[in-house]
Amino acid sequence: MTGERGERGERWVRGAYHHGALPEALVAAALEVLDEQGQEKVSVREVARRAGVSAGAPFRHFADRRALLTALADRVLADYACWQEAQVAASDAAGRSGMRALGLGCVRYALRHPRRFELLRSRAFTAVRDPELRDQLEFFDRALTGQVAADQAAGKLRPGDPEVVGLAGQALVYGLAQMIVDGYLPAEKAEELAVRVLDTFGEGVANRPGR
């Protein structure tokens, strides 16, 4: 898996899947619709048409549209995880904070894939988590807390409760990402502004020996 999977624009056409891979083909088709038109246009009928199967075929794997959207959200979360892994790896190579990389990675993902972010906001980042998505979401929570703790141990962040520091950063980044998706921040300046805001926040939590 790589962070570029979602960037390649994978397409499924009639006959492009082998026996037993229909669920993956349907989710891939749903991802196409999502990226092109948003989750409101993701329907079982349209996904079946793009996958080249009968309108009833998807129901052998997904009970209804909600189940299809949950599987789609699971796919997007996996893509997002790969994206964030790549962001942190690049940050490590540059000697930068991993927490900063995760924050900027979230903003960049929302900027490049606003409809995927909207899907995650409505399906995953909610008070009640779908059982099918719970493991992935809990992994993200642990990964963020672990990254904060690692930055603290490396002297990049000052001591403090990793969960609280992570939550503060998460709240800031979520707000920035939503402002981008809503069009409140102009797209052509969004990433530059996000970098400046995140660095301002980083100044507050950075470890400064001797101060």
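Below or above, wherever it landed, is the structure these notes cover.

Basis of the calculations
Residues numbered from 1 in each chain as written. Predicted model: local features only at pLDDT ≥ 70, side-chain atom pairs only at ≥ 80, totals over all residues. Heavy atoms only, no water. Helix = DSSP H or I, 4+ residues; strand = E, 2+ residues; numbered from the N terminus. Buried < 20%, exposed > 50% of the residue type's maximum accessible area, 1.4 Å probe, protein only. Contact = heavy atoms within 4.5 Å. Areas by Shrake-Rupley, 256 points an atom, 1.4 Å probe, with all protein chains shown as cover. Axes fitted to C-alpha atoms, helices over the stretch in contact; angles between N-to-C directions. Parallel < 35°, antiparallel > 145°, perpendicular 65-115°, else oblique. Nonpolar A, V, L, I, M, F, W, Y, C, P; charged D, E, K, R; others polar. Salt bridge = Lys/Arg side-chain N within 4 Å of Asp/Glu carboxyl O.

**Regarding the overall build of the protein chain**
Here is step 1: Scanning the protein chain from N- to C-terminus turns up eight helices and zero strands.
Here is step 2: What you see in the protein chain, going N to C, is helices and strands ordered as α-α-α-α-α-α-α-α.
Here is step 3: Within the span of the protein chain, comprising 211 residues, buried residues form 43% of the whole.
Here is step 4: Pairs at least 24 apart in sequence give 67% of the contacts found in the protein chain among residues at least 6 apart.
Here is step 5: Accessible surface for the protein chain amounts to roughly 11300 Å². Of this, 54% is attributable to carbon and sulfur atoms.

**Thoughts on the packing of helix α1 (residues 22–37) against helix α3 (residues 65–94)**
Here is step 1: Close contact between α1 and α3 brings their axes to 10 Å; oriented N to C, the two are set at 80°. Taken together, the axis directions place α1 and α3 in an arrangement best described as roughly perpendicular. Judged by residue contacts, Val 27, Ala 28, Ala 30, Leu 31 and Leu 34 of α1 engage Leu 68, Ala 71, Leu 72, Arg 75 and Val 76 from α3.
Here is step 2: Classifying every residue of the contact of α1 with α3 gives nine nonpolar, no polar and one charged.

**Remarks on the pattern of salt bridges**
Here is step 1: All told, the structure shown has twelve salt bridges when counted by the stated rule.
Here is step 2: Residues Arg 108 and Glu 191 are paired through a salt bridge, measuring 2.9 Å at the closest nitrogen-oxygen approach. Taken together, the residues span a long stretch of sequence, with Arg 108 in helix α4 (residues 98–112) and Glu 191 in helix α8 (residues 187–205) at a distance of 83 residues.
Here is step 3: Residue Arg 108 is classed as partly exposed on the basis of its relative accessible area of 23%.
Here is step 4: Put simply, Glu 32, Glu 36, Glu 46, Arg 49 and Arg 50 are held in one network by salt bridges that share partners.

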